[in-house]
Amino acid sequence: MIRAHNLARRYAEIKEEFLDMMQDVYEREKVYHGHYTQVAEMEWQRLSGRKHAMLTGSCSMSLHMSMLALGIGPGDEVIVTAYSCPASETFVHLVGATAVFCEVDETGNMDASLLENLITERTRVIVATGMYGDMHDHKTIEAICKKHKLVYMNDAAQSMFSTQDGVESTTTGDIVCMSMAENKPMPSLASCGVVLTNNTEYYYKFLHLHNHGKPRYGRRLPYTHFGIRAMADEEAAVQALCSMKRFDTWQSRRHEIGKYYDSEFSRLGVPARKHSAGWNTHKYPILFRDKFEAQGSLELMGIETEAQYPDALPKTGDFPNTDMYVKQALSIPINAHLTDAEVEQVVKAVDLVWKSNSI
Ligand SMILES: Cc1ncc(COP(=O)(O)O)c(C=O)c1O
């Protein structure tokens, strides 16, 4: 099977270094908030240029914690994208607020030109979400947030390190929430998240909130707030560091594959989603007539694909672009551990399946 993520090959590449560091973790006898968490957080500060970086258990936890830090609750509205995974919506419901959905454009990204019509006197936050490795429309969203005095959150789980007009995704937003899950652009081997901000007040709140209201380094100090358990453990930090070290090499291979797909699919007339010039190669969706049928055919040909996403987030309303993506967009493998022969095999199989499953 040609794998969507090639976890086994990725593990084989990092194994020696990973196991050495894990040995050190257990010798230090500190599995939370230890040396590697600190190093990974400093590395994130360096990479993003942000004042504060905190490792968390997942992007979902970062998003939930951000809602708590901002004091979002019943009666508040939070604008989110209509097309993403449930993690892009659930954190709003968990604090009792209302999610207001923004339709996506023809690239699957939040259509920022629709945002102002969604703002009411209850709106508190816009969560900008880049999809498939593109960055969201930063300039427009930032201007709207400033004009309406809204918090600008950047869910950069998929868009980290992509750029738009020279601006890099992790540098934008009052709060940036990111995922280092095993299927993300900078992946761990399982689950890990990050939250970035320049706002020291938010950061101090995160320091308490991610540990049930206890400050990170003060088990004997009193509870100041309620909180959640959103800590990353040292193993996640070690996985993150192994990945950060190899990110540039992995990205250059993924860009090579992306360029090859772009030229082959345009030559063959197979419709691939149009990505921006500054995308980070996160996903490569092909638009089939029926993606689930195409997924079944490709599986029989030994190719693992991902049906992001099988549902629209809004339960009601008119979201034609979202509906199109839900029905048609199937992500094909684009990972750094594919061989040239596998990449060619993917192109041939996609072309064949598309001929009997075209729009
Ligand atoms: C846009 C977006 N936001 C948030 C998440 C949640 O990330 P995690 O799995 O780290 O909680 C994902 C994961 O798929 C995502 O794609």
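1. Thoughts on the side chain of Ser-84
Of note, Ser-84 is situated in the loop between β2 (77–81) and α4 (90–94). Exposure remark for Ser-84: the relative accessible area of 3% places this residue in the buried category. Here Ser-88 takes part through its side chain, which lies 2.6 Å from a polar atom of the side chain of Ser-84. In contact with Ser-84, other than residues within four places in its own chain, are Met-131, Tyr-309, Asp-311 and Leu-313.

2. Some words on helix α3 (residues 59–70)
Spanning twelve residues, α3 covers 16 Å between terminal C-alpha atoms, matching the ideal 16 Å at 1.5 Å per step. Within α3, nine of the twelve residues are buried, leaving the element largely enclosed by the surrounding structure. Taken residue by residue, α3 has Cys-59, Ser-62, Leu-63, His-64, Met-65, Ser-66, Met-67, Ala-69 and Leu-70 as its buried positions. Taking the backbone nitrogen of Ser-60 as reference, a side-chain oxygen 3.4 Å away marks Ser-58 as the first, capping residue of α3. At the C-terminal side of α3, Gly-71 shows a positive phi close to 70°.

3. Overview of the nonpolar core
Generally speaking, soluble globular proteins have nonpolar side chains that are buried together. Counting residues in each nonpolar core, the largest one holds 34 residues, and the members touching the most others are Val-78, Val-125 and Met-153. If you list the elements that add at least two residues to this core, you get α3, β2, α4, β3 (98–102), β4 (123–129), β5 (151–155), β8 (175–179) and α7 (200–209). Of all the elements, α3 adds the most residues to this core, at six residues. With residues up to four places along the chain from it excluded, the contact list for Met-153 reads Leu-63, Ser-66, Met-67, Leu-70, Val-125, Ile-126, Val-127, Ala-128, Ile-175 and Cys-177.

4. Notes on the layout of surface pockets
Approximately 240 Å³ is the volume found for the largest pocket. Taken together, 21 residues form the lining of the largest pocket, with Cys-85, Ala-87, Ala-157, Gln-158 and Lys-184 sitting closest to its centre. In terms of residues, the lining of the largest pocket owes the most to one element, α3, which gives three residues. Class assignment for the residues of the lining of the largest pocket results in seven nonpolar, ten polar and four charged. A domain-level breakdown of the lining of the largest pocket finds at least three residues from each of domain 1 (7–242) and domain 2 (247–356). What the second largest pocket holds in volume is close to 160 Å³. Contributing to the lining of the second largest pocket are Asp-262, Phe-265, Ser-266, Val-270, Pro-271, Ala-272, Arg-273, Lys-274, His-275, Tyr-284 and Leu-287. Those elements that place two or more of their residues in the lining of the second largest pocket are α8 (234–268) and β10 (284–287). For the lining of the second largest pocket, the leading source of residues is α8, giving three residues. When grouped by side-chain class, the residues that make up the lining of the second largest pocket number six nonpolar, two polar and three charged.

Reading the values: the criteria
Residues numbered from 1 in each chain as written. Predicted model: local features only at pLDDT ≥ 70, side-chain atom pairs only at ≥ 80, totals over all residues. Heavy atoms only, no water. Helix = DSSP H or I, 4+ residues; strand = E, 2+ residues; numbered from the N terminus. Buried < 20%, exposed > 50% of the residue type's maximum accessible area, 1.4 Å probe, protein only. Polar contact = N/O pair within 3.5 Å; in protein donor to acceptor, adjacent residues only side chain to side chain. Contact = heavy atoms within 4.5 Å. Expected span 1.5 Å × (residues − 1). Core = buried A, V, L, I, M, F, W, Y, C linked by side-chain atoms within 4.5 Å. 1 Å grid on protein atoms, 1.4 Å probe; cavity = no way out; pocket = protein on both sides within 12 Å on 5 of 7 lines; lining within 4 Å. Points joined across faces, edges and corners; volume = space filled by probe spheres on them. Nonpolar A, V, L, I, M, F, W, Y, C, P; charged D, E, K, R; others polar. Domains from an automatic or database assignment.

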